[in-house]
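Coordinate analysis (summary)
Chain residues, written in single-letter form:
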Amino acid sequence: MHELYLIKKTETQDDDFFLNFGMDRDNYKDIIVDYITVDNNVFEYIFDSLTWIPCMNPAFPGNPKQLGINEIGITLFDEQSASSLISIFTAWRDLFKNGPSVIQKLIYYHEYSDDDLLSFDRDDTIENFEKIIYISKQLSDGKYYLYHCGI
């Protein structure tokens, strides 16, 4: 599962805070505004488009800017990320509205079993994307971060 936390910006947030937030999040309940989890299969399905989003990498000193979500680590999104997050998740939400109730993607292109399929529920995914869009719109005013904890 991927965890996403909308957190308030504070003056005391530094490199150590961002590096350790994921492990110490119970100590920061007062700044967590919203929270959502997304199944890894969903992120695997849309991953290429997630590499286009401007963000920061708290795993390195100074939270260097980069493009693309850190699938297996932490990623920090701010107001610079909002437009891309909103556009990408809106596009996927609208596309999935046209899909079957269970979305599947073949992983291998030879003889395969059901274990070779990424699958997830369309309606749950659309609901999650709508929440991500809502959360991302809040980033635009510069008062919040979206903190992602990868698998």
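Everything numeric in this text was worked out from a predicted model, so none of it was measured. (Residues numbered from 1 in each chain as written. Predicted model: local features only at pLDDT ≥ 70, side-chain atom pairs only at ≥ 80, totals over all residues. Heavy atoms only, no water.)

1. Some remarks on the overall build of the protein chain
What the protein chain contains, in helices and strands, is four helices and eight strands. Ordered by position from the N terminus, the helices and strands of the protein chain form the series β-α-β-α-β-β-β-α-β-β-α-β. In terms of overall dimensions, the protein chain is globule-like: its C-alpha atoms have a radius of gyration of 16 Å, near the 15 Å expected for 151 residues. If one aligns the C-alpha atoms of the protein chain with their principal axes, the spans along those axes are about 55 × 25 × 25 Å. Across the 151 residues that make up the protein chain, the buried fraction comes to 45%. Contacts in the protein chain between residues at least 24 apart in sequence constitute 68% of all its contacts with a sequence separation of at least 6. (Helix = DSSP H or I, 4+ residues; strand = E, 2+ residues; numbered from the N terminus. Rg over C-alpha atoms; globule rule 2.2 N^0.38 Å. Buried < 20%, exposed > 50% of the residue type's maximum accessible area, 1.4 Å probe, protein only. Contact = heavy atoms within 4.5 Å.)

2. Thoughts on helix 1 (residues 15–24)
Among all positions in helix 1, only Phe17, Phe18, Phe21 and Gly22 are buried. On an axial view of helix 1, the arc spanned by its buried residues comes to 130°, and they lie on one face. What points out from helix 1, more than 90 degrees from its buried face, is the exposed set Asp16 and Met23. Taking the backbone nitrogen of Asp16 as reference, a side-chain oxygen 3.2 Å away marks Asp14 as the first, capping residue of helix 1. (Arc of directions from axis to C-beta. Polar contact = N/O pair within 3.5 Å; in protein donor to acceptor, adjacent residues only side chain to side chain.)

3. Let's talk about the nonpolar core
As a rule of thumb, soluble globular proteins bury nonpolar side chains together. Ranked by internal contacts, the top residues of the largest apolar core, which has 29 residues, are Leu50, Phe77, Phe89, Phe96, Phe129 and Leu139. When residues of this core are traced back to their parent elements, those giving at least two are strand 1 (2–8), strand 2 (32–38), helix 2 (40–50), helix 3 (79–96), helix 4 (122–139) and strand 8 (144–149). In terms of residue count, the dominant contributor to this core is helix 3 (seven residues). The contact partners of Phe89, leaving out residues within four places of it in the chain, are Phe43, Ile46, Leu50, Phe129, Ile132 and Ile133. (Core = buried A, V, L, I, M, F, W, Y, C linked by side-chain atoms within 4.5 Å.)

4. Side note on the confidence of the model for the protein chain
On average, residues of the protein chain carry a pLDDT of 90, and 93% of them reach 70 or more. Element-level pLDDT for the protein chain is lowest in strand 6 (residues 102–106), with a mean of 83, against a maximum mean of 97 in helix 3. (pLDDT = per-residue confidence, 0-100.)

5. A closer look at the pattern of salt bridges
In total, this model carries six salt bridges according to the counting rule given. Linking Asp94 and Lys97 is a salt bridge whose minimum nitrogen-to-oxygen distance equals 3.9 Å. Judged by relative accessible area, which is 46%, Lys97 ranks as partly exposed. Each member of the salt-bridge network shares a partner with another, and the members are Arg93, Asp94 and Lys97. (Salt bridge = Lys/Arg side-chain N within 4 Å of Asp/Glu carboxyl O.)

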